[in-house]
Structures are given as C-alpha cells and as structure tokens.
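Chain and residue survey
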Amino acid sequence: MVKTMRNNKKNKRIVFIKSGVFSVFIFLFLATFSDAASLSFETNKNISLGERITVDVLIDPEGQSINSVSSSIYFPDESLSFAGFSSSEGSINVWVDKPSQKRPGEVSFSGVIPGGIERMYDPINTKKFDIPLVRLFFISKKEGLVSLSLNNSIVLKNDGKGTPVNVSEDNISILISK
C-alpha cells in the first residue's frame, strides 16, 4: 500500500511537470505570433507585354495600431520598369522617402500614418480588409513569369515608443504574355 502511494505521488509529479512544460511551450509558441503584421501585394497576375501594371502594397497589422512602414520591393529589371506611384490610393500620407527606384530592380519607400491605423472600415461589408499602403506602377518589358518580393520591411506600432512589429513579407508572380 505504501509503495502504491509513492507511485501515485511520483506519477502526479510527472504529470504536473509535463503539464508545466506543455504550458510553457504553448506560451512561447503563441508569443512568437503576437505583435506580427503581414505585407502583401494585390495586382492582376496576367498582363500583356507593354502594359502598365498597377501593384497595391497592402498590410494586415493583425489588430495592432501601426503608424510607420518602410520596405523595399525587388523585381527583375529586365522584365519590368518602375513607372511611378500614387499615394492617393494608400494610407501613407507623410512620406519620409517617397517610392523611388534606388537601384535597378529595387523600389524603396518609407512613410508615416499620423494617428496610426488598425484596420479598414466598411459599414456595409464587415469583412476584414488589408490596408492599402501605396499603389505602384510598372511597365512590362519582357514576356515570362516575373516575381515581385518585399524585403527589409520595418513596421512600427502607434504606441508612442516606435516599437518594432514582426513582419512577414509576401511575394507575387505575374505572367507577362503577348
């Protein structure tokens, strides 16, 4: 009987330790996904040679209020040429660095959203929308499948401290044909 009681206590300790380890694992796992935002593109994925391409850069701040975004977009310079941008279609209204081609195949931008932004509201459609940051224009120069990628992105919270947010960056492929 004494031996059975010792085994029960030992089993309870093991279960308690396993539960504690599991709880810590879940906490750390969930913590890696908090304070995240995702940047992505929206565009027509099939275009004609010589056509002007409109590419919207979007952000999903995952319920956080953000007020600053900086990023670089990489593209094959032999297939696309940067043709400008429109800030009237996006949420950034104070530019630190307007979208411009810094090097062949790279467009960079940096801007601020005074007062911050957390999400887009549509009183008719309650579906969650990604927030448009800026609209970029490219001209297709060569047939084939081309990729645009976001890199070196920095997103800051609207918390008065400029706290960085973890950022996931998306890529997109566009088919250019005759």
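Before reading further, recall that the structure is shown in the block above.
Okay, so let's go over this structure. None of the values given here were measured: they were computed from a predicted structure.

Reading guide: rules and limits
- Residues numbered from 1 in each chain as written.
- Predicted model: local features only at pLDDT ≥ 70, side-chain atom pairs only at ≥ 80, totals over all residues.
- Heavy atoms only, no water.
- Helix = DSSP H or I, 4+ residues; strand = E, 2+ residues; numbered from the N terminus.
- Buried < 20%, exposed > 50% of the residue type's maximum accessible area, 1.4 Å probe, protein only.
- Contact = heavy atoms within 4.5 Å.
- Areas by Shrake-Rupley, 256 points an atom, 1.4 Å probe, with all protein chains shown as cover.
- Salt bridge = Lys/Arg side-chain N within 4 Å of Asp/Glu carboxyl O.
- Phe/Tyr/Trp six-rings, centres within 6.5 Å; stacked < 30°, edge-to-face > 60°.
- Core = buried A, V, L, I, M, F, W, Y, C linked by side-chain atoms within 4.5 Å.
- Polar contact = N/O pair within 3.5 Å; in protein donor to acceptor, adjacent residues only side chain to side chain.

1. Some remarks on the overall build of the chain
In terms of helices and strands, the chain carries one helix and eleven strands. For the chain, the N- to C-terminal ordering of α and β elements is α-β-β-β-β-β-β-β-β-β-β-β. Expressed as a percentage of its 178 residues, the buried residues of the chain come to 34%. Expressed as a percentage of contacts within the chain between residues at least 6 apart in sequence, the contacts between residues at least 24 apart total 73%. Surface accessibility of the chain: about 10900 Å² in total, with carbon and sulfur atoms responsible for 55%.

2. Focus: the side chain of Asn67
Relative to the assigned elements, Asn67 resides in strand 4 (residues 66-74). Once you skip the residues sitting within four places of it in the chain, Asn67 turns out to touch Gly111, Val112, Ile113, Gly116, Leu156, Lys157 and Asn158.

3. Describing the pattern of salt bridges
Pairing between side chains becomes possible if they bear opposite charge and their charged atoms approach one another. Scanning all chains against the criterion turns up five salt bridges. Of the charged contacts in the structure, one is a salt bridge between Asp97 and Lys102, with a shortest N-O distance of 3.0 Å. Among the ionic pairs, Glu106 bridges to Arg103, the shortest N-O distance being 2.4 Å.

4. Considering the packing of aromatic side chains
What the rule picks out here adds up to four aromatic pairs. Taking the centre distance of 5.6 Å and the plane angle of 70° together, the rings of Phe85 and Trp95 count as edge-to-face. Residue Phe85 is found in strand 5 (residues 80-86), and its partner Trp95 is found in strand 6 (residues 94-103); the two are separated by ten residues along the sequence. Between Trp95 and Phe109 the ring centres are 6.2 Å apart and the planes differ by 85°, which places this aromatic pair in the edge-to-face class. A residue pair is termed long-range when its members are at least 10 positions apart, and Trp95 in strand 6 and Phe109 in strand 7 (residues 106-117) qualify at 14 residues. For the pair shown, Trp95 and Phe109 are each scored as buried. An aromatic cluster is built from Phe75, Phe82 and Phe138, whose rings are joined through pairwise contacts.

5. Some details on the nonpolar core
Val57, Ile59, Val69, Phe138 and Leu148 are the most contacted members of the largest nonpolar core, which totals 33 residues. Sort the elements by how many residues they give to this core and strand 8 (residues 131-140) lands first, with five residues. In this view, Val57 contacts Ser40, Phe41, Ile73, Phe109, Ile131, Pro132, Leu133, Val134, Leu136 and Leu150; residues no more than four positions away in its chain are not counted.

6. Some thoughts on the environment of Ser140
Residue position: Ser140 is located in strand 8. Sequence spacing of Ser140 and Ile53 is 87 residues, and the spatial spacing of their C-alpha atoms is 7.2 Å. Residues in contact with Ser140, not counting those within four places in the same chain, are Ile47, Ser48, Leu49, Gly50, Glu51, Ile53, Ser79, Leu80 and Ile176. A polar atom in the side chain of Ser140 sits 2.8 Å from the backbone nitrogen of Gly50.

All we've got here are geometric facts, nothing functional implied.
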